[in-house]
Structures are given as structure tokens and as C-alpha cells.
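# Fold and geometry: a report
One-letter residues, chain by chain:
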Amino acid sequence: MQFKKTWAYLIGLLLLGCSSSHMPMDVGTFYKRDMNFKIGNVGSFNGVSVAPQLQSYAIQIEPEGDLPDLLVLRTCHREESFEKGDSNWLSQAFGKKKKLTYMYLPEADIEDNRVCPLRGDAFYTDDDNSQHSWFFLDFENRKLFALQSNITCNGKSVTVNGVGACQARKGLVQVIKFPEDVRWAPTKPSYCNDPVFKYGNRWEIELTLGECLYMAQSKSGALARFTMIGYEGILLREGY
Amino acid sequence: MWSGIFAFLMQVVSFILNRITDNEETKKKFFDFIRQAANDTKSTKLMKWGEEQLAYLEKTPWKSSKPNKPQ
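Residues numbered from 1 in each chain as written. Chains lettered and ligands numbered in written order. Predicted model: local features only at pLDDT ≥ 70, side-chain atom pairs only at ≥ 80, totals over all residues. Heavy atoms only, no water.

### Points about the state of the cysteines
Residue and element names in this part refer to chain A. Heads up, the condition is: Note on terminology: pairs of cysteine sulfur atoms within 2.5 Å are recorded as disulfides. Only DSSP runs of H or I reaching four residues or more are called helices, and only runs of E reaching two or more are called strands; each is numbered from the N terminus. Any residue under 20% of the maximum accessible area for its type is buried, any over 50% is exposed, and the rest in between are partly exposed; the area is computed with a 1.4 Å probe on protein chains only.
Throughout the structure, instances matching the rule amount to three disulfides over all chains. Between the sulfur of Cys-76 and that of Cys-116 lies a disulfide, 2.1 Å long from S to S. Looking along the S-S bond of the Cys-76-Cys-116 disulfide, the torsion reads about -100 degrees, which is the left-handed sense. Of this pair, Cys-76 sits in the loop between strand S5 (70–74) and strand S6 (79–83) while Cys-116 sits in the loop between strand S8 (98–104) and strand S9 (118–123), placing them 40 residues apart in sequence. The two residues Cys-76 and Cys-116 agree in class, both being buried. In this model, Cys-192 is linked to Cys-212 through a disulfide, with the two sulfur atoms separated by 1.9 Å. Across the S-S bond of Cys-192 and Cys-212 the torsion is about -80 degrees, and the bridge reads as left-handed. Pair noted here: Cys-192 is in the loop between strand S15 (182–184) and strand S16 (196–199) and Cys-212 is in strand S18 (residues 210–218), with a separation of 20 residues, a long-range link. A single burial state applies to Cys-192 and to Cys-212, both of which are buried. Once the bonded cysteines of chain A are numbered in order along the sequence, the disulfide links fall as 1-2, 3-4, 5-6.

Right under this line is the structure:
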């Protein structure tokens, strides 16, 4: 009798253990952009990046976990959405995970001549193993933004060819170094922290929550811009 | 024995109710996020901010942003 009772409790506990144990998400929280994606032969990226200037981009999107129920891609000009089951979803040759290859051809005089990054939002109705994820991809524009610099972002130092993007937790200090003297346009939006001069041509920016845009100009007129993204939450994905 | 069976059934019911509640919460959150994404104006904002910054740099004479005295 006691034996059966114990088994009943054990099975019950096992069933409870199978119920949802994922990390709760909050709509109001600005999460780290951490969706994986690849651009043709350019390379693999995670979350936030800048692509070199190309005529077109074959962007392979690889959201964490399972296939999302909805993927929304958006620029300053277009919004495209893909639902599970669309023919655009391509099965990967190996394994069960699926990917979406999106051919992005920036529209002339709209998407290629202004601040117009591509964003990706992946949404899940059932997030036991997968949760929403995002990416932010900006593009170099040598005609408009040609001022080179060096950015040390979240511990990594990279050369910026006119267009830079940096993501780290809000409040963390990032470094931008120019080869020459610059002036800054007013920071946008105005509540974002301004760049702080340190020495030489080194500037530091304490990240504000969300997206802030910074634009610098050398005395010769060359421009550089930086999108600095400060997040407040990281999503932990069980099993990935 | 009956108490054991009763306890087991209670656990099953509790499990099913948990799953239903979780599902509803997950779906609600999914649509909350969709609504948020639908109202998202970040792309347009960045574009406008960029235009404003460019306009400022075009119309204002160049002057270094360095303070007179190093900090």
C-alpha cells in the first residue's frame, strides 16, 4: 500500500517537473539582441553587427531554438513577415534545425542613403525551449560615412569603416578612438549620454538603455556614425 | 490505496491545469510582443535622428568637440 502511494507521488512530481520552467519574459524589458545570422561569404554574426557595403545581401537567419512562429524583418522602408510553414523556410541539409535565407537588396535612394538598418524579430507562441530573439544589422555606406575609427565595444576592439554599432549592458562604458580631431552632432535622442572626451582623440560613451545615435565629423568633413544599444535583460534559453 | 490514487489524480489535474495556464500566458505574451513590434517605430526614429544630425553638421561651422581643458 505504502509502496503504491509513494509511486503515485513520484509520478505526480515527475509530471509537475515537466511543466513549464522557462525564463519569464517581460514585454517592457529591452533584451539583448542575440539572434544568430550569416551574411553570404562575409561571416557569422550574433545580435548586433555592421555589414560591408554590397549590392545585395544573402542573410541566413538562425534564431535560437526551434523555428519561430513569426519572423518580422524591418528597415526604414519595408516590413516583411514570415510565418511557420512559409515556403521561404529552408530545411538545413543536416539536422532538423531550419533557417531562413533572406535576399536583401537595399532600395536605391531610400535604404542605401540614410540611417536604415535591418532588424529581425523572431516570435514564438510556445517558448518552452525557445524564446523571442532579435537582431540589428546596419550597413556601411562609404559614400556618406567614410571616417574610420576604432571602437572597443563590450571588450572587443574593431575597426569601424564609417558605420559602427555596439551592444552592451546599459551603464557600461564603451570607447571610440579617431585618428584625428572630430566634432559630434547632438546625441539622439537627447536623453542619451553624450560622448565624453578623455585624451588624444579618445572618447567614451556610457550606454543608455535602448538605441542611441551618435554622429561625428572630422575637420575635412568625413563622417562616422554609431548606433549604441544598451540592454537591460538577457534571455536564457534552456537546452541551447 | 484509494488515497494514493486520489493523490495521483490530483497531481494529474494540477499538471493539466498548469499546462493550460502556461499556454495561455505564453500566447498572451506572444501577442503582447507582436503588438509591441507592430507599434515599434525605432527604424523610423533612427532615420529621422540621422537626418537631424546630418542637417546640424551641414549648417553649423566645424568646431572641435574637445573641451578647452582635458578632463
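### What about the sheet that holds S9 of chain A?
Residue and element names in this part refer to chain A. We apply this condition: Two strands make a pair as long as DSSP finds a minimum of two bridges between them. Every axis in this analysis is a line fitted to C-alpha atoms, fitted for helices over the stretch in contact. Angles between the N-to-C directions lie between 0 and 180 degrees.
Taking strand neighbours across the sheet as the criterion, the five strands line up as S3-S10-S9-S5-S6 in an open arrangement whose pairing is mixed. Two strands lie at the open edges of the sheet, namely strand S3 (48–51) and S6, each paired on one side alone. The average undirected angle you get between the axes of adjacent strands in this sheet is 15 degrees. Here four bridges tie S3 to strand S10 (residues 133–139), and the two strands are oriented parallel to one another. Note on S10: the bridge partner recorded for Val-50 is Asp-138.

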